[in-house]
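Summary of structural features
What follows is each chain in one-letter form.
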Amino acid sequence: MTRRLAVVGSGIAGLYAALLATDAGADVVLLTKGALDHSNTWYAQGGISAVLAEPAPGDTVAAHIADTLRAGAGRCNEAAVRLMCTEARRDIAGLQRYGVAFDAGHAGPGTAGATHDAGPALGLEAAHSAPRILHAGGDATGARVAAALIQAVLSRRDGGKLTILTHAQATALVTRDGQVAGVHYLQDGRPADLDADAVLLASGGAGQLFAQTTNPAVATADGLALAVRAGAAVADLEFFQFHPTCLVSSATAHPARLDGPLLISEAVRGEGAILLDSGGRRFMQAYHPDAELAPRDVVSRSIALHLAKLGDPNGHVYLDARGVEQAKGAGFLRQRFPTLTRKTLDAGIDWTRELVPVAPAAHYWMGGVTTDLSARTTVPGLYAAGEVACTGVQGANRLASNSLLEGLVFGRRAVEDFLEGSSAGPSAPALAPRTGERLASSAADADAHATTALSGPPKLPHDSAPLPRNASAHVAVPAGFEGAGGSGPFSREALRRLMTSHAGVLRSGQLLAEAGRTLESWAAVVRPDAVDSCADNVAQEDRNLLLAAQLLVSAALQRGESLGAHYRSDEPVETANLTSLRPKASLLHD
């Protein structure tokens, strides 16, 4: 009898897994709460990291592993990192089989990094020690990859091999005898049920928790909330990465012309763009020796601190790319960053001659639903892959261009485990995602069900030197944030303002405790932990966001020291002294 896999989400992890399972003969139902192209993947400008069979000179899988572990600040599951980096080329080939065309070598002077006549162009991005980033369509990688996978999915649907349910919002997991056995969902306001032998959550992240985000409107923590209500373990929820340079659309001439959030890729700073404040002053040198090339969490905090010092915490700074065009020739920005050039022009900005208003924005959640190396959660029959999952790969601070790769590798491994029929068996133990599971040196020798044993986190250097400790001494809670933790009624906007002011780039025990009290008062009315049959899609999303906010604030309160993307301005002096010894990483050298 053919077994059914329900896949929730249509980003790279969900689409790729659905294709693999379908082609292997499984009965696959793909659910997405919007259209197929409504995903974080579609908006991803960065590429996909992989060490190919013909890598850039000097690059190795071991180097990719080391870069990832270093960025993760000691919170990575080393076995998961080794697995992802080792198997990366296999899934790059899988994408190519499904029609993804990566930018070719010798694509012209606008392509940074190494190129090869017979293979893809390989770019260099933040904290990677060698060029290993594949792009498709320059800065439109996510959209190009998603479009190819969507075309492949639609082809199989048209051939009767795959079922797609669009505008179908999963509201609860069906459980029987302690195992996930399907999904409750809403489609066009009507409740329905889907029976399945297993469910793969690939529903993305939760950027809508914050007032400024690079994520689309669908990123409302749905998968995390579904898993938590079903009893699944979660981990590392305090680690939320903020991208430092998201276009502030309200500061542009034509904000209505933008079709969604616009992230200004850090690759622009890699080409030489700098940051200026409202007075036209370059300020990053005062916060980190690498200035604009510092790790993204440092740049985000620096911007937030600088704006607070200027008395404009809700304001923005400016990205100045004019010097790049002058130094590298007319047309360089258009050729290197075609999507960014087009969209900034749509917004009324010619960035070859004008400044671009930017501010930090919620970008990627490192934490999520705890999984093992086969993407199994702590609940039998439930898998998770992509941003919703905590595989242990990302640690405390994600390495650039590893997120799409993680979704591919663990989406595939979920399908492999499902096809073996083991999803009903013992799943991942509820351990922190740094368990030391031994990984065989080759796939032929690998034991897919190796015993999991506890070990301490690897003793690795943190990838970012902290901001000067005296920097936070000048920062008070902005006047505009006072009362954000008050007892006003719940609304999504109130939640986003609260999370931004009290649990965003800059955190303290006082702010987090205030946030926790407000969230608790809202939860008494909204009941985010309850599973009900509410037919209001927006209300379902609000409950999911409120539950996610409570989990994030609780995790952030428990971690008193700064680590990776989690920054506590009230960090104890003894831990601050320890972190100050950690070396930094730059965009060009590691």
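Residues numbered from 1 in each chain as written. Predicted model: local features only at pLDDT ≥ 70, side-chain atom pairs only at ≥ 80, totals over all residues. Heavy atoms only, no water.

**A short note on the pattern of salt bridges**
What the rule picks out here adds up to 30 salt bridges. Between Asp 236 and Arg 75 there is a salt bridge, and its shortest N-O distance comes to 2.4 Å. With a gap of 161 residues between them, Asp 236 in the loop between β10 (234-235) and β11 (240-247) and Arg 75 in the loop between α3 (61-71) and α4 (78-97) connect regions that are remote in the sequence. Grouping residues by exposure puts Asp 236 and Arg 75 together as buried. The closest approach of N and O atoms between Arg 413 and Glu 87, which form a salt bridge, is 3.2 Å. Separated by 326 residues along the polypeptide, Arg 413 in helix α12 (residues 403-419) and Glu 87 in helix α4 bring together distant segments of the chain. (Salt bridge = Lys/Arg side-chain N within 4 Å of Asp/Glu carboxyl O. Helix = DSSP H or I, 4+ residues; strand = E, 2+ residues; numbered from the N terminus. Buried < 20%, exposed > 50% of the residue type's maximum accessible area, 1.4 Å probe, protein only.)

**Comments concerning the environment of Met 84**
With respect to the helices, strands and loops of the structure, Met 84 is situated in helix α4. By relative accessible area, which is 0% here, Met 84 ends up buried. Along the primary structure Met 84 and Leu 373 are separated by 289 residues, whereas in three dimensions their C-alpha atoms are 9.5 Å apart. Once residues lying within four places of it in the same chain are set aside, the contact partners of Met 84 are Val 393, Asn 402, Leu 405, Glu 406, Val 409 and Phe 410. (Contact = heavy atoms within 4.5 Å.)

**A few points about the side chain of Thr 252**
Within the element layout of this structure, Thr 252 appears in the loop between β11 and α7 (266-270). A distance of 2.6 Å separates a polar side-chain atom of Thr 252 from the backbone oxygen of Ser 249. Residues contacting Thr 252, with those up to four places away along its chain left out, are Leu 247, Ala 347, Ile 349 and Pro 357. (Polar contact = N/O pair within 3.5 Å; in protein donor to acceptor, adjacent residues only side chain to side chain.)

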